[in-house]
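Understanding the architecture of this molecule
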Amino acid sequence: MISSLRGMNDILSDDYERFTYFIEIATNVAKRYGFHFIETPLLEETALFKRSVGESSDIVGKEMYQFIDKGENDVCLRPEGTAGVVRAFVQKKLDRAGGLHRFFYHGAMFRYERPQKGRLRQFHQFGVESFGEASVHEDATMIMMVSDILKTLGIGYRLQLNSLGDENCMPQYRTSLIKFIESMEDKICEDCQRRKTTNPIRVLDCKNQACQEMYKNAPKLVDNLCDGCSNDFTKLKKILENNEILYEIDTNLVRGLDYYSKTAFEFVSDNIGSQSAIAGGGRYDKLVEFLDGRATPAVGFAIGIERLMELIIMPENTRNGYYIGAMDTEAIDIVVELAQKKRKTEKTVIDYKVKNLQNHLKAADKVNAKYCAVIGSHEMKNKTVWIKNLEDKTEQIVEVKNF
Ligand code: HAM
C-alpha cells in the first residue's frame with residue numbers, strides 16, 4: 001500500500017467540515033476588514049525565499065523543499081505566504097500605483113521539519129498582508145482581526161507582543177547584543193555560535209534551556225528602541241488596551257523569519273501541546289524594497305489552520321436538504337432526474353442502491369438530510385414521491401411534477 005508522505009495529511013470527513021468552516025469564518029472577517037483574495041503559486045524561485053525569509057533562518061537553511069526543475073531552474077515549494085504575495089505585489093506594479101492594497105489568502109505551505117503533534121511538513125495557513133499603511137493603527141488592526149477570527153471560533157488565546165526596532169535602533173542593539181554574546185561565547189550552544197554571525201537576535205529564541213538562562217541578562221530590544229519605534233510601540237499597546245485586547249510583552253519574541261521590523265506578535269494556545277503558536281505576524285517595512293519594489297510599508301499575519309482544528313467549536317449541526325433513493329430498480333432513473341431538479345435549489349444526496357424504506361431513512365439520517373424522499377413501485381404507479389421530514393417527523397406524498 002502506498003501511504004501519504006510523513007508529515008503530510010489527508011483532510012476529510014469531520015476535519016474537512018472544520019477546515020471549511022474555519023476558512024468561511026476567516027474569509028468573512030477578512031472581507032469585513034476590506035481585504036481581497038489573492039492566490040499565488042505553490043512553487044516559486046528559491047531566490048525569493050532566500051532574499052525575504054532570510055538565508056540564516058531555519059526555514060531557508062534547513063526546511064525548504066528545494067529542487068532543480070527540468071528547465072534547470074532552482075525552485076522550491078513555498079514555506080510561507082508573505083514572500084509570494086510581496087512578489088506578486090511588485091510584479092503587478094502595485095507598489096507604483098500607491099494607496100492601500102490589502103490581501104488575504106489560504107493554502108498549503110511546506111517545511112521539511114521533524115514531524116510531531118502540531119508540526120507538519122505540509123500544513124495550511126490563512127494569512128493577510130496589508131501594503132501602504134505605515135501607521136501603527138494598521139498593526140493593531142491586524143491583531144484585532146486575528147482576535148476576531150479566534151473569538152468567532154470560540155478559541156481562547158494568549159497574545160505575545162514585541163518590537164524589533166528599525167534601521168535606526170536595530171544596528172546599535174545588535175552591536176550591544178553581540179558584545180553580550182561574546183562575553184559568554186564558550187558557554188552557548190553551537191546553533192547560537194552560528195547565529196552570532198548570521199543573525200544575532202535569533203539567539204534570543206534559542207530553545208536550549210541553558211542558553212535561555214544566560215540570555216535572561218541580555219540587553220532587551222524594547223529598552224533600546226529609538227523614539228519613533230518606542231512611540232509606536234506605546235501607541236500600539238494603548239490601542240489594544242482601548243479595544244480590550246489583552247497582551248503580554250515577550251522581549252525574546254523575534255520570530256523565525258528575517259523580514260520583520262517594529263511590531264512582532266504571536267498568538268499562542270495553552271491547549272495544544274508544545275507547538276503552541278497558532279498565529280504569527282508583524283510589520284515588514286523593508287521587504288517590498290528588498291524584492292526590488294518601491295519602498296512600501298507593510299504588515300500582516302498568518303494563522304496555522306491545522307493547529308486550530310481541535311480547538312474549533314462547530315455550531316450545532318442542523319439538518320438540511322434532501323436525501324433521495326429508490327425502493328425499486330425501475331425507479332432509479334426517475335430518482336436521478338428528480339435529484340438533478342432538486343439540486344437547482346437544495347443540497348440533494350442520492351443513493352443509487354435499491355433499499356427498503358427503513359434503510360433509506362437510516363441513510364438519510366446519516367447524511368444529516370432534512371427530508372428523506374423515496375420512490376417505490378407504488379409511487380411509480382401513482383407518479384408520486386413519498387417524503388418524510390426528519391426534523392418534525394411529518395410525512396407527505398407529492399406528485400412527481402410538483403417535487
Ligand atoms: P510563521 O510564524 O512562520 O509566520 O507561521 C504562521 C503560523 O503557521 C504559525 O503560528 C503556526 O500556527 C503555523 N505553522 C508554522 N509551521 C508549521 C508546521 N510545520 N506545521 C503546522 N503549522 C505550522 C509566517 O509564515 C509569516 N508568513 C506570517 C506573516 C504574514 N507575517 C507577516 N505576514
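What counts, and at which threshold
- Residue indices begin from 1 for each chain and proceed along its sequence in written order.
- Local features in a predicted model are, by the rule used here, given only for residues with pLDDT of at least 70; side-chain atom pairs are given and counted only at 80 or more, and totals for whole chains, interfaces and linings are based on all residues.
- Where side-chain values are given, they derive from all heavy atoms of the structure, hydrogens and water being excluded.
- For helices the rule is a DSSP run of H or I covering at least 4 residues; for strands it is a run of E covering at least 2, with both sets numbered from the N terminus onward.
- A 1.4 Å probe rolled over the protein chains alone gives each residue an accessible area, and that area as a share of the maximum for its type sets the label: buried under 20%, exposed over 50%, partly exposed in between.
- What qualifies as a polar contact is a pair of N or O atoms within 3.5 Å, subject to a donor-acceptor requirement within protein and to the restriction that residues adjacent in sequence count only when both atoms come from side chains.
- For this analysis, residues touch if any pair of their heavy atoms sits within 4.5 Å.
- Stacked, edge-to-face and tilted labels apply to pairs of Phe, Tyr and Trp rings (six-membered ring for Trp) whose centres lie within 6.5 Å, assigned for plane angles under 30 degrees, over 60, and everything in between, in that order.
- Only Lys NZ and Arg CZ are tested; either one counts as a charge over a ring when it is within 6 Å of the ring centre and within 35 degrees of the ring normal.
- When at least one non-hydrogen atom of a residue lies within 4 Å of a molecule or strand, that residue is treated as near it.
- Surface accessibility in these figures is a Shrake-Rupley result with a 1.4 Å probe; residues are shielded only by whichever protein chains are displayed.
- Side-chain classes follow a simple rule in which Ala, Val, Leu, Ile, Met, Phe, Trp, Tyr, Cys and Pro form the nonpolar group, Asp, Glu, Lys and Arg form the charged group, and the remainder, Gly included, forms the polar group.
- Here, two cysteine sulfur atoms that lie within 2.5 Å of each other are counted as a disulfide.
- Helix axes use the C-alpha atoms of the stretch in contact, all axes being lines fitted to C-alpha atoms, and the angles between their N-to-C directions lie in the range 0 to 180 degrees.
- Handedness of each helix crossing follows the sense of rotation of the near helix against the far helix: counterclockwise by less than a right angle gives left-handed, clockwise gives right-handed.
- In this description, a nonpolar core means a group of buried Ala, Val, Leu, Ile, Met, Phe, Trp, Tyr and Cys residues linked to one another through side-chain atoms lying within 4.5 Å.
- Only strands that DSSP links by at least two bridges are regarded as paired with each other.

Tracing the chain through its elements places Ser52 in helix H2 (residues 46-54). According to the relative accessible area criterion, Ser52 is buried, its value standing at 3%. There is a polar contact of 2.6 Å between the side chain of Ser52 and the backbone oxygen of Leu48. When sequence neighbours within four positions are dropped, the list of residues in contact with Ser52 reads Ala83, Asp258, Tyr259, Leu287 and Leu291.

Applying the stated criterion to the full structure yields 14 aromatic pairs. Three or more aromatic residues joined by ring pairs make a cluster, and in this case those are Phe89, Phe103, Phe131, Tyr259, Tyr260 and Tyr284. Geometry around Tyr112 places Arg121 over its ring, the cationic atom sitting 3.7 Å from the centre.

Turning our attention to the site of the ligand. The ligand sits among 25 residues. The nearest are Glu80, Thr82, Glu113, Glu129 and Tyr260. One nitrogen or oxygen atom from the side chain of Arg111 is found 2.9 Å from an oxygen atom belonging to the ligand. For the ligand, whose free accessible area comes to 660 Å², the fraction covered by protein is 96%. Looking at the shell around the ligand, the elements that each hand over two or more residues are strand E6 (122-131), strand E10 (277-283) and strand E11 (298-304). Here the shell around the ligand takes five residues from E10, the largest share from any one element. Here the shell around the ligand is built from residues that sort into eleven nonpolar, seven polar and seven charged.

A separate point is the state of the cysteines. Per the counting criterion, the structure on display carries zero disulfides. Cys189 takes part in no disulfide bond, and the closest cysteine sulfur, belonging to Cys192, lies 3.7 Å away. Among the residues examined, Cys189 registers a relative accessible area of 17% and is labelled buried. There is no disulfide at Cys229, and the cysteine sulfur nearest it, in Cys226, is 3.7 Å away. On the accessibility criterion, Cys229 (2% relative accessible area) is buried.

Below, the discussion takes up the packing of helix H1 (residues 13-32) against helix H6 (residues 136-152). Packed helix pairs are characterised by how far apart their axes lie and by the angle those axes make with each other. Contact pair H1 / H6: the axes reach a minimum separation of 10 Å and the direction vectors enclose 145 degrees. Relative to H6, H1 is oriented so that their crossing is right-handed. From H1, Phe22, Ile25, Ala26, Val29, Ala30 and Arg32 reach across to H6, where they touch Met145, Asp148, Ile149 and Thr152. Of the residues assigned to the contact of H1 with H6, the class counts are seven nonpolar, one polar and two charged.

Attention now goes to the nonpolar core. Residues Phe131 and Tyr215 are the most contacted members of the largest nonpolar core, which totals 50 residues. For this core, the element with the highest residue contribution is helix H4 (residues 82-91), accounting for six residues. With residues near it in sequence (within four places) discarded, Phe131 still touches Val85, Val86, Phe89, Gly99, Leu100, His101, Phe103, Tyr284, Val288, Thr296, Pro297 and Ala298. Membership of the second largest hydrophobic core comes to 47 residues, among which are Ile23, Phe104, Ile155 and Cys229.

With that settled, the discussion passes to the side chain of Arg283. Residue position: Arg283 is located in strand E10. A polar side-chain atom of Arg283 sits 3.0 Å from the main-chain carbonyl oxygen of Glu133.

This next bit is on the pairing of E10. Most of E10 sits inside the fold, with six of its seven residues counted as buried. Examined bridge by bridge, strand E9 (residues 261-268) and E10 share six bridges and lie antiparallel to one another. Each residue of the ladder has a partner; that of Phe267, found in E10, is Ala279. Note: E10 against E11, five bridges, orientation antiparallel. By the bridge assignment, Gly281 is partnered in E11 with Phe301.

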